[in-house]
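Here is how the chains run, residue by residue.
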Amino acid sequence: MKIDYDNLSYHPFTEKVVNSICNRVGTDERSFFRNHVSYYLTAVAAMMRAKIRQPGKGLQPINAFVVNLAPSGFGKGHSTSIIEQELIHEFQDRFVNETLPLMAEQNIPKLAVKRAARKGVDPDDEEARTRKEFASHGTLLFSFDSATPAAIKQLRNMLLMADAGALNFQVDEIGANLMSNLDIMGLFLELFDGSVKQKLVKNTTDSIRSEEIQGITPTNMMLFGVPTALLDGGMVEDKFNNLLGMGYARRCFFGYVSDQIADTKPKLLSPQEKLEKAKEMATDTTIAEAAKHLGNLANMINAHKRIIVPDETSLLYYAYENDCAERAHQIPIQQELVRSELKQRFYKAMKLAAAYAFIDESPEVTPDHY
C-alpha cells in the first residue's frame, strides 16, 4: 500500500482553527499552530479518558508530547492565549466543575467496595475514608508549568481515584526553564504510557502512605519557546539531546520555525485592505463555534469512549510503519536520534488520529483521520 503524502489533507476542524489564528497573529506559516492546536485537542480527548482500541494492542491512552519552537515575536504567546481563553475555556470550565465531580462520584464508591473487600472492613466506613483521601488531594489543575515529582504523583493518584482527567505539563520559554524541570522531564518520560512506579516512603501517623491504585493516567506535555535558547550550543542543548536520547525523540511531535521563515518579508496591505481585514476578523466566529463544540464534548456521555481502529485504517498504520522503517534504514546509523524519531512516527500518528476522531465524535479512527 503506497501512501500519497503529497496529496494528504489536514484535519478540517483543526485547519479552520489554525487559519483563524494565523489571520489574527498575522502569518501564513501554519506548522507551529498546527502542532499547538493538535496538542490542546489531544488534551481534550485525554481529559475525557478516550482510548484507542486497536487489534492486537488492546486499549491505549490518547496523549501527545510536543516540542514547538519559533523565534521571538512569532506569536507563540498570543496564539496560546487565544487557544486557552477562547477555544478550550468552555471545555475546561465544564470538565472541572461538572464532569470531573460526576466521574469521581461514580468511581469512588466502586473503589471503596474493592478496598473494603480486600481489607475485610465495613464498605460504608471505607467509602468515607476514600472520600476523605480524595478530598485531601485538593482541586484539579487543568495544566501546570512546574511541579515536584511528589506533587505530580499526588495529582495522578487523585485522577486515578476519579478515573478521569489527564496530566497536562506545559512549559513556555523551555530554553530558560529546561534545567529547573529535569526531575519532571525524567518522570514524564516514564508517564508517557500512563503509568509510573510509586516511591516508597515511610508510613507514620502524621504521614500515611496512600494505597496504590492500578490504572493508566493519560499524560500530555508541550514544551515551546525560542529555538536559540534551547539549542544554544552549550549545556542546555546537551541536556536536551540527552533527554531525546533517553526516549523523548521517539515520543514527541516536533515543530520548528526558523529565523529565515519568520523574517520573510510580509506582503504589505494598503490601509483600506487592513481595515477590511480587521472587520473580517472582528466578525470571524470560527473559534467561538469551535469552543462551543469542545464544550459540548465535556458531556458525561463522552467519558471513557473506546475509539475503534477498523481494518482499513490498520492497513494504513502498518504501511506507514514499514515506510518509516525503510526510510530510517537509509539514514546513517550515527544519526541515532533522527532514526529513532522516524521509526516511531506511525505510532504517534495513531494517537493524534484518535484525538481527531474524538473531536469529530467519530466511533472509529477513519483512514482520513490517520
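This report concerns the structure included in the present document. (Residues numbered from 1 in each chain as written. Predicted model: local features only at pLDDT ≥ 70, side-chain atom pairs only at ≥ 80, totals over all residues. Heavy atoms only, no water.)

### Some words on the pairing of strand 1 (residues 51-54)
Here's step 1: Bridge count for strand 1 against strand 2 (residues 58-61) is four bridges, and the pairing is antiparallel. Following the sheet pairing, Q54 is matched in strand 2 by G58.
Here's step 2: With antiparallel pairing between neighbouring strands as the criterion, strand 1 and strand 2 make up a hairpin whose turn holds three residues, including G56 at a positive phi of roughly 80°.
Here's step 3: Where strand 1 meets strand 7 (residues 306-308), three bridges bridge the pair, whose relative direction is parallel. Looking across to strand 7, one finds that I52 is bridged to I307. (Pairing = 2+ DSSP bridges. Helix = DSSP H or I, 4+ residues; strand = E, 2+ residues; numbered from the N terminus.)

### Notes on the sheet that holds strand 6 (residues 252-256)
Here's step 1: Sheet architecture is open: four strands sit in the order 4-5-3-6, paired in parallel fashion. What marks the edges here is a single partner per strand, and that holds for strand 4 (167-171) and strand 6. Strand-to-strand twist across the sheet, computed as the mean angle between neighbouring axes with direction ignored, equals 10°.
Here's step 2: As defined by bridge partners, strand 4 adjoins strand 5 (residues 219-225) across five bridges and the pair is classed as parallel. Considered in strand 5, the bridge of F169 is made with M221. (Axes fitted to C-alpha atoms, helices over the stretch in contact; angles between N-to-C directions.)

Function cannot be inferred from these measures alone, as they are strictly geometric.
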